[in-house]
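Coordinate inspection notes
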Amino acid sequence: MNPAPITARIGLLACEVCRLVSRAPSTGDVAHCPRCGAALHTRKPASLVRTWAFLIAAMILYVPANVLPIMDTSSLFGTQNDTILSGIAFLWTSGSYVLAMVVFFASVLVPLLKMIALAILAGSVQMGSVRYRRTRTRLYRLIEFAGRWSMLDIYVVTILVALVQVSTLASIHAGPGAAAFGAVVVLTMFSATSFDPRLIWDTQEEAS
Ligand SMILES: [Zn+2]
């Protein structure tokens, strides 16, 4: 495993909430920040295990999110089940190229790339890799940045629903794929916040 981080070896702890650096207690009790009262850890507890658990759950649910219908549209002409991909295909063939690309980017590509990036981060830390640490830290920042926009997927689905509802003769309901899709978005978010980017640099402290 990784060596103890340098702050732990010199007996200091940084608060993750208010950033105050304080002396670690000599007893084995859980330390609390003297200023804001938050629990103090040298690293996020069980960071890698949590990251993997959320990530694997998200990867599994990514399959039904794409295979199961995300919405059932019923109109005078019968009912229709649409998956994300068939919805994109419909948008594309009906000439809404920009919307089709936005949906594909936000709903298919971004979640997939995010999961691949998290697997690379967690996997490389687990193997104790010392290569590309700067690049990997940048990758983490990118995921964090993308996380702020991850609700974009939900907006896209909402816009789609609104578009279909405008044609008053049709009614639309969320299918089982939508629940799986929402779960993928939330689980990848949890996975990203569970990952402690400082783990990337713990290996270097030992080397230097
Ligand atoms: Zn604090």
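Calculation notes
- Residues numbered from 1 in each chain as written.
- Predicted model: local features only at pLDDT ≥ 70, side-chain atom pairs only at ≥ 80, totals over all residues.
- Heavy atoms only, no water.
- pLDDT = per-residue confidence, 0-100.
- Helix = DSSP H or I, 4+ residues; strand = E, 2+ residues; numbered from the N terminus.
- Axes fitted to C-alpha atoms, helices over the stretch in contact; angles between N-to-C directions.
- Parallel < 35°, antiparallel > 145°, perpendicular 65-115°, else oblique.
- Left-handed = near helix turned anticlockwise from the far one by under 90°.
- Contact = heavy atoms within 4.5 Å.
- Nonpolar A, V, L, I, M, F, W, Y, C, P; charged D, E, K, R; others polar.
- Phe/Tyr/Trp six-rings, centres within 6.5 Å; stacked < 30°, edge-to-face > 60°.
- Buried < 20%, exposed > 50% of the residue type's maximum accessible area, 1.4 Å probe, protein only.
- Expected span 1.5 Å × (residues − 1).
- Pairing = 2+ DSSP bridges.

- In the annotation of an unreviewed UniProt entry, the entry for the protein chain reads Paraquat-inducible protein A, and the organism field reads Sulfurirhabdus autotrophica.

**Observations regarding the confidence of the model for the protein chain**
- Summarising the model, the protein chain shows a mean pLDDT of 82, and 84% of its residues fall at 70 or more.
- No element of the protein chain has a lower mean pLDDT than helix α6 (residues 152-166), which averages 66, and none a higher one than helix α2 (residues 47-67), which averages 94.

**A closer look at the packing of α2 against helix α7 (residues 176-194)**
- Where α2 contacts α7, the two axes come as close as 8 Å, and the packing angle between them is 160 degrees. In terms of axis orientation, α2 runs roughly antiparallel to α7. Read as a crossing pair, α2 and α7 show a hand that is left-handed. Across the interface between the two elements, Ser47, Arg50, Thr51, Phe54, Leu55, Ala57, Ala58, Leu61, Tyr62, Pro64 and Ala65 of α2 pack against Gly177, Ala180, Phe181, Ala183, Val184, Leu187, Thr188, Phe190, Ser191 and Ser194 of α7.
- Grouping the constituent residues of the contact of α2 with α7 by class yields 14 nonpolar, 6 polar and 1 charged.

**Describing the packing of aromatic side chains**
- Throughout the structure, instances matching the rule amount to 3 aromatic pairs.
- A centroid spacing of 5.7 Å and a plane angle of 45 degrees characterise the contact between tyrosine 140 and phenylalanine 195, whose relative ring orientation is tilted. Taken together, the residues span a long stretch of sequence, with tyrosine 140 in helix α5 (residues 133-148) and phenylalanine 195 in the loop between α7 and α8 (199-207) at a distance of 55 residues.
- Look at phenylalanine 195 and you get buried, because its relative accessible area is 0%.

**Looking at α2**
- Taking 1.5 Å per residue, 21 residues should reach 30 Å; α2 reaches 31 Å between its end C-alpha atoms and fits that length.
- Ser47, Leu48, Thr51, Leu55, Ala58, Tyr62, Ala65 and Asn66 are the residues of α2 that are buried.

**Considerations on the packing of helix α4 (residues 97-126) against α7**
- Where α4 meets α7, the closest approach of the two axes is 11 Å, and the angle between their N-to-C directions is 30 degrees. Seen from above, α4 lies across α7 with left-handed handedness. The segment α4 lies against α7, with Ser107, Pro111, Lys114, Met115 and Leu118 engaging Phe181, Val184, Thr188, Ser191 and Ala192.
- When the residues that make up the contact of α4 with α7 are grouped by side-chain class, the tally is 6 nonpolar, 3 polar and 1 charged.

**Some words on the sheet that holds strand β5 (residues 71-75)**
- Strand order in the open sheet formed by 3 strands is β6-β5-β7, and the pairing between neighbours is antiparallel. Sheet topology places β6 (78-82) and β7 (171-174) at the edges, where each strand pairs with a single neighbour. Across the sheet, the axes of successive neighbouring strands diverge by a mean angle of 20 degrees, strand direction being ignored.

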